[in-house]
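Listed below are the residues making up each chain.
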Amino acid sequence: MSRIIVVTSGKGGVGKTTVTANLGMTLAKLGSSVVLVDADFGLRNLDLLLGLENRVVYTAIEVISGECRLEQALVKDKRQPGLALLPATQNRRAETINPNHMRQLITALAQMYEYVLIDCPAGIEMGFKNAIAAAQEALIVTTPEISAVRDADRVIGLLEANNIKKINLIVNRLRPAMVQANDMMSVEDVQEILAIPLIGIIPDDEKVIVSTNKGEPLVLSETPSLPAMAITNIAHRLKGQQVDFINLEPGNDSFFSRIRKLLWSKIG
């Protein structure tokens, strides 16, 4: 049975699209069939983060208007055959999209793919309503900042009001040294406010910015990194596996010792 998951936050700039791109790629690497739906009509970015912008011919708006078939609008990722993208439109016709359109699109995609990940736009207006229309569960992405957490709390209430009860939390861009210095909210602080299950903690890392600018998901890099490992762990947890959270305490060297072992095993 297909799982339809909306990736949302309320606040913009917390990393929803980056999480969606990398999580989708990871699930595909683990053998699942995955389609990513860019629900940010008018301001699409998911294609850029995946490096697929030059292959977009049709978008969801052409599918809805009957100008093309759904299969024609899907952009298949050549690096990972199990992954596809349904791009959003960038023109003003985006205003014609409504929740019923989204339900029809997502229902059709759910018959073709095991995972349907919907990249939700910022805010709680029509774009949000469209994105959650067909969702069965949600991933809340927030950074450890009070404004982002407050917006996430508001979104959780709206999701529950729309009968989306399975909601998990991803804390993104955590800086352990700042938490230790009491200059940033801790994961526990965020959990206490939002009161939903934690499924992932992604540390802040400049490699994420580099990969985003290159249009190359971080999880495809041959160089191991904490964010890539964190996203891989989230994918395993989504699939029902029990995976320990990475120890991000400053001074912890267990991760680096594991990386050294990985590198040596490749050399050997």
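Here is what the cut-offs are and how they apply
Residues numbered from 1 in each chain as written. Predicted model: local features only at pLDDT ≥ 70, side-chain atom pairs only at ≥ 80, totals over all residues. Heavy atoms only, no water. UniProt positions renumbered as here; feature names shortened; annotations may be inferred. Core = buried A, V, L, I, M, F, W, Y, C linked by side-chain atoms within 4.5 Å. Buried < 20%, exposed > 50% of the residue type's maximum accessible area, 1.4 Å probe, protein only. Helix = DSSP H or I, 4+ residues; strand = E, 2+ residues; numbered from the N terminus. Axes fitted to C-alpha atoms, helices over the stretch in contact; angles between N-to-C directions. Left-handed = near helix turned anticlockwise from the far one by under 90°. Contact = heavy atoms within 4.5 Å. Nonpolar A, V, L, I, M, F, W, Y, C, P; charged D, E, K, R; others polar. Pairing = 2+ DSSP bridges. Right-handed = clockwise from strand over helix to strand, strands pointing away. pLDDT = per-residue confidence, 0-100. Expected span 1.5 Å × (residues − 1). Polar contact = N/O pair within 3.5 Å; in protein donor to acceptor, adjacent residues only side chain to side chain. Parallel < 35°, antiparallel > 145°, perpendicular 65-115°, else oblique.

Going by an unreviewed UniProt entry, the protein carries the name Septum site-determining protein MinD and comes from Crinalium epipsammum PCC 9333. Taken directly from UniProt, the Sequence similarities (unreviewed entry) text for the protein runs: "Belongs to the ParA family. MinD subfamily."

**Q** Residues and numbers for the nonpolar core, please.
**A** The tendency in soluble globular proteins is for nonpolar side chains to be buried as a group. Grouped together as the largest cluster of nonpolar side chains are 89 residues, with contacts concentrated most on Leu109 and Leu159. No other element matches the seven residues that helix α7 (residues 146-161) contributes to this core.

**Q** Let's hear about the packing of α7 against helix α9 (residues 187-194): which residues, and what values?
**A** In contact at an axis separation of 10 Å, α7 and α9 are set at 30 degrees when each is read in the N-to-C sense. Crossing of α7 against α9: the hand is right-handed. Counted together, Ile146, Val149, Ala152, Asp153 and Ile156 of α7 and Val190, Ile193 and Leu194 of α9 form the full contact between these two elements. For the contact of α7 with α9, a count of residues per class yields seven nonpolar, no polar and one charged.

**Q** Break down the pairing of strand β6 (residues 137-142) for me, with residues and values.
**A** Counted residue by residue, β6 has six buried out of six residues, so it is predominantly covered. Going residue by residue along β6, you find Glu137, Leu139 and Val141 tucked away on one face and Ala138, Ile140 and Thr142 tucked away on the opposite face as well. The pairing of strand β1 (residues 3-8) with β6 spans four bridges and is parallel. Bridging from a neighbouring strand, Val7 pairs with Leu139 of β6. Of the strand pairs in this sheet, β6 and strand β7 (residues 166-174) are connected by six bridges, and their pairing is parallel. Along β7, the bridge assignment pairs Val141 with Ile170. Note that the unit made of β6, α7 and β7 has a crossover that is right-handed.

**Q** Please provide a residue-by-residue account of the confidence of the model for the protein, values included.
**A** Scored by pLDDT, the protein has a mean of 91; 92% of the residues are at 70 or more. Counting contacts from residues 253-257, a segment whose pLDDT is below 50, to residues more than four positions away or on other chains yields three contacts. A low-confidence stretch, residues 263-268 stays under pLDDT 50, and its non-local contacts, those more than four residues away or across chains, total two contacts.

**Q** Please set out helix α11 (residues 226-238) residue by residue, giving values where relevant.
**A** The terminal C-alpha atoms of α11, which comprises 13 residues, lie 18 Å apart, in line with the 18 Å expected from a rise of 1.5 Å per residue. The N-capping residue of α11, defined by a side-chain oxygen 3.3 Å from the backbone nitrogen of Ala228, is Ser225. Gly240 sits one or two positions beyond α11 and adopts a positive phi of about 95 degrees.

**Q** Tell me about unusual backbone geometry, and please be specific about residues and values.
**A** Positive phi, normally seen in glycine, also occurs at Asn182, with a value near 60 degrees. Residue position: Asn182 is located in the loop between α8 (176-180) and α9. Positive phi is not limited to glycine here, since Ala195 has a value of about 55 degrees. Looking at the secondary structure, you find Ala195 in the loop between α9 and β8 (198-203). In this structure Ala195 comes out as exposed when scored by relative accessible area, which is 63%.

**Q** Could you give an account of the environment of Leu158, naming the residues involved and the relevant values?
**A** Counting through the fold element by element, Leu158 comes out in helix α7. Sequence spacing of Leu158 and Leu248 is 90 residues, and the spatial spacing of their C-alpha atoms is 32 Å.

**Q** Run through the packing of helix α1 (residues 16-29) against α11, naming residues and quoting values.
**A** Orientation of α1 relative to α11, taken along the N-to-C sense of each, is 60 degrees, at an axis distance of 9 Å. As judged from the angle between their axes, α1 and α11 are oblique. Regarding α1 and α11, the two cross each other, and that crossing is right-handed. For the pair formed by α1 and α11, the contact residues are Asn22, Leu23, Thr26 and Leu27 on the first element and Ile231, Thr232, Ile234, Ala235 and Leu238 on the second. Looking at the contact of α1 with α11, its residues break down into six nonpolar, three polar and no charged.

**Q** If you had to explain the sheet that holds strand β3 (residues 75-76) to someone new, which residues and values would you point to?
**A** The sheet built from eight strands is open, its strands ordered β3-β4-β2-β5-β1-β6-β7-β8 with mixed pairing. With one partner strand each, in any of the chains shown, β3 and β8 form the two edges of the open sheet. Taken strand by strand, α9 contacts β6, β7 and β8, and its axis lies near 150 degrees from that of β7. Most of the contacts of α11 go to β8, to which it runs at about 170 degrees, and overall it touches β1, β5 (115-119), β6, β7 and β8.

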